[in-house]
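As a plain string of letters, each chain reads:
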Amino acid sequence: MRFDTIIIGGGLSSLVCGIRLQRAGKKCVIVSAGQNALHFSSGTFGLLGRLIDGTEVSEPLKALSFLPESHPYSKIGVEKMTEYIAEVPSFFESCGVRLHPSQAPGEGGFPVNGYRITPMGSLKPGWLAMDEVTLLPSKDNMPWHKALIVNFSGFLDFNAGFIAEGLSRRGVECRVEPVSIADVELLRKNPTEMRSVGIARVMTKEGNWKEFGSKVRELVKGEELVILPEVFGLGDPVIIQWLREMIPAEVMFVGTMPPSVPGIRAQIRLKKAFEAAGGTFLQGDTAVDPLVEEGRVVSIHTVNLGNLSLTADYFVLASGHLFGKGLEAAPSKVVEPVFGLDTDFPADRSAWCDEDFFARQEYAGFGVVCDQSFRPSIGGRRIGNLYVIGSEVGGCNSLYEGSGAGVAIMTAMNVADSILEER
Ligand SMILES: Cc1cc2nc3c(=O)[nH]c(=O)nc-3n(C[C@H](O)[C@H](O)[C@H](O)COP(=O)(O)OP(=O)(O)OC[C@H]3O[C@@H](n4cnc5c(N)ncnc54)[C@H](O)[C@@H]3O)c2cc1C
């Protein structure tokens, strides 16, 4: 089977790259092995929350000049970064994924970071958020005095206690109340069903979310803020808006333990947008056994297609970090398992991780060594028609910097444009 471009991996970076190429008329296939980071997403896209020395960043574009040359953003350059950042909201909107910032861009149109409340009750910086996620303009000033936190009876993946504790430390008095809904009670019979997505499916039924909204409305006793778990609007986020209209207070949705309902909704919609543009998505299949000749990839195989090879002019590797199995760690080395690409990691094994869980973890900065155009190498030899995008790209520690989605989207857009320009 022949394509213009073959993309390996089915996460955020792969889908953005595939949609951009396919909409420009290039025939693409995405080979996707399994779940990706969107299934665990906070519902917020990070662009740059802090520098590697710990300095907090409020306007990410202004901070680009402080990044090292090896950083993916430095490779893309300020001009292109500015262009892509401006394009992101309309690109995602065209795929059915609405994103909002915490506030209007700052002076000169620079995006400004906001803060979301985490499931642990702390505040984390973010650039753009999905429908249900609230990005506060400041992490210091809470605009509310009293909050009501409502959970489903028996739902352990939403820890109202942690959220109440976090908000109380910021001067917000919190009251926690449970609500029972008959269809959710049925889920409790099987603990594996009593997860965010199980409840979210039940809550797509009009009678259920309306009953929940009415019960919450009756519980409000003068609180200015109501906090609910992120389990609404799996199919259609308009339910989030309707719930907000039903409840006589500001309504904020806070993340549950994974899986992530807003992340899964975004993944479904991006995949649909790719397919609507004519792309082929091979779900649950793994790219293996590439043929590389004279510095170019000729073909790959997949587990499901067996002997049938996939050929293309260009190949894009978007198979994720350690989490997505795009990288694998052996006792003394880090390998990229599909092509055996050159990787970047500290030679001293003891430097890979810090015993302090909350400290900067060096393993999160492992990645594939790429040139200025995100082309990798094998044994120092560059592969001309292969690009690497997303969390697999070396040169940054996205977990520490809070730049995960930003790196995924920016590298995807940049590589798609490079491929389009080359032809
Ligand atoms: C648990 C978690 C939560 C995160 N939450 C956020 C967040 O809330 N906000 C944020 O900004 N960033 C977040 N990040 C950072 C995240 O890395 C990026 O946001 C981004 O989604 C990464 O996308 P990706 O396409 O690079 O990789 P991934 O999403 O990891 O996707 C890689 C895909 O490649 C597939 N794959 C691997 N090998 C093969 C193969 N051989 N053949 C075919 N497919 C293969 C995997 O199955 C997977 O589906 C999170 C990261 C993790 C790990």
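Anyway, here's the lowdown on the structure attached to this text. (Residues numbered from 1 in each chain as written. Predicted model: local features only at pLDDT ≥ 70, side-chain atom pairs only at ≥ 80, totals over all residues. Heavy atoms only, no water.)

**Section: the overall build of the protein chain**
Applied cut-off: Labels follow the DSSP assignment, with helices taken as runs of H or I lasting at least four residues and strands as runs of E lasting at least two, numbered in each case from the N terminus. Two things to know: the radius of gyration comes from C-alpha atoms, and the globule rule equals 2.2 Å times the number of residues to the power 0.38. Three exposure classes are used, based on accessible area relative to the maximum for each residue type with a 1.4 Å probe and protein chains only: buried under 20%, partly exposed in between, and exposed over 50%. Here the accessible surface of atoms and residues is derived via Shrake-Rupley with a 1.4 Å probe, and residues count as covered only by protein chains that are part of the display. In this tally, Lys and Arg are treated as positive and Asp and Glu as negative; His is ignored, and so are the chain termini. For the purpose of locating charges, the reference atoms are NZ of Lys, CZ of Arg, CG of Asp and CD of Glu.
Within the protein chain, the regular secondary structure consists of 11 helices and 22 strands. Against the globule reference of 22 Å for 423 residues, the protein chain gives a C-alpha radius of gyration of 22 Å, in line with a compact fold. Looking at the protein chain as a whole, 54% of its 423 residues are labelled buried. Carbon and sulfur atoms provide 52% of the accessible area of the protein chain, an area that totals close to 18,100 Å². Positive and negative side-chain charges of the protein chain, numbering 40 and 50 respectively, have mean locations separated by a distance of 4 Å.

**A word on the nonpolar core**
Note the cut-off: Only buried residues count toward a nonpolar core. Its members are Ala, Val, Leu, Ile, Met, Phe, Trp, Tyr and Cys residues joined through side-chain atoms within 4.5 Å. Residues count as neighbours in contact if any of their non-hydrogen atoms are within 4.5 Å of one another.
Judged by nonpolar contacts, the single largest core of 81 residues is most densely connected at Ile 6, Leu 12, Phe 45, Phe 92, Ile 409 and Met 410. Per-element tally for this core: the top contributor is helix α11 (residues 404-422), with 10 residues. In this structure Met 410 touches Leu 47, Tyr 73, Ile 76, Met 81, Tyr 84, Ile 85, Val 88 and Trp 127, once residues within four positions along its chain are discounted. Ranked by size, the runner-up nonpolar core spans 52 residues in total, among them Trp 144, Phe 232, Met 246 and Val 251.

**Digging into the site of the ligand**
Quick reminder of the rule: Residues are counted as near a molecule or strand when any one of their heavy atoms sits within 4 Å of it. Counting of polar contacts relies on pairs of N or O atoms within 3.5 Å, with two restrictions inside protein: one atom must be capable of donating a hydrogen and the other of accepting it, and residues adjacent in sequence are counted only when both atoms are side-chain atoms. In this classification, Asp, Glu, Lys and Arg are treated as charged, Ala, Val, Leu, Ile, Met, Phe, Trp, Tyr, Cys and Pro as nonpolar, and every other residue, Gly included, as polar.
Looking at the ligand, there are 33 residues lining it, with Ser 13, Ala 37, Ser 42, Thr 44 and Ser 391 nearest. Ser 42 places a polar side-chain atom, nitrogen or oxygen, 2.6 Å from an oxygen atom of the ligand. Ala 405 places a main-chain nitrogen or oxygen 2.9 Å from an oxygen atom of the ligand. Here the ligand, which alone exposes 1,000 Å², has 84% of that area covered by the protein. Breaking the shell around the ligand down by element, the ones donating at least two residues are α1 (12-23), β2 (28-32), β3 (44-45) and α11. Looking at the shell around the ligand element by element, the count peaks at 3 residues for α11. When grouped by side-chain class, the residues that make up the shell around the ligand number 13 nonpolar, 19 polar and 1 charged.

**Looking at the layout of surface pockets**
Test applied: Of the grid points, spaced at 1 Å and generated over the protein atoms alone, those admitting a 1.4 Å probe that cannot get out make up cavities, while open sets with protein on both sides within 12 Å along at least five of seven lines make up pockets; any residue with an atom within 4 Å of a point is treated as lining. Grid points are joined across faces, edges and corners, and a volume is the space filled by probe spheres set on the points.
Of the volumes computed, that of the second largest pocket is approximately 360 Å³. Around the second largest pocket, the lining comprises 24 residues; the ones closest to its centre are Ser 70, Gly 365, Gly 395, Cys 396 and Asn 397.

**What to know about the state of the cysteines**
The condition that has to hold: Disulfide: a pair of cysteine sulfur atoms within 2.5 Å of each other.
Enumeration over the complete set of coordinates arrives at 0 disulfides. A disulfide-free cysteine, Cys 95 has its sulfur positioned 13 Å from the sulfur of Cys 17, the nearest such atom. Cysteine Cys 396 is unpaired, with the sulfur of Cys 370 as its nearest cysteine sulfur at 10 Å. The buried category is assigned to Cys 396, whose relative accessible area is 7%.

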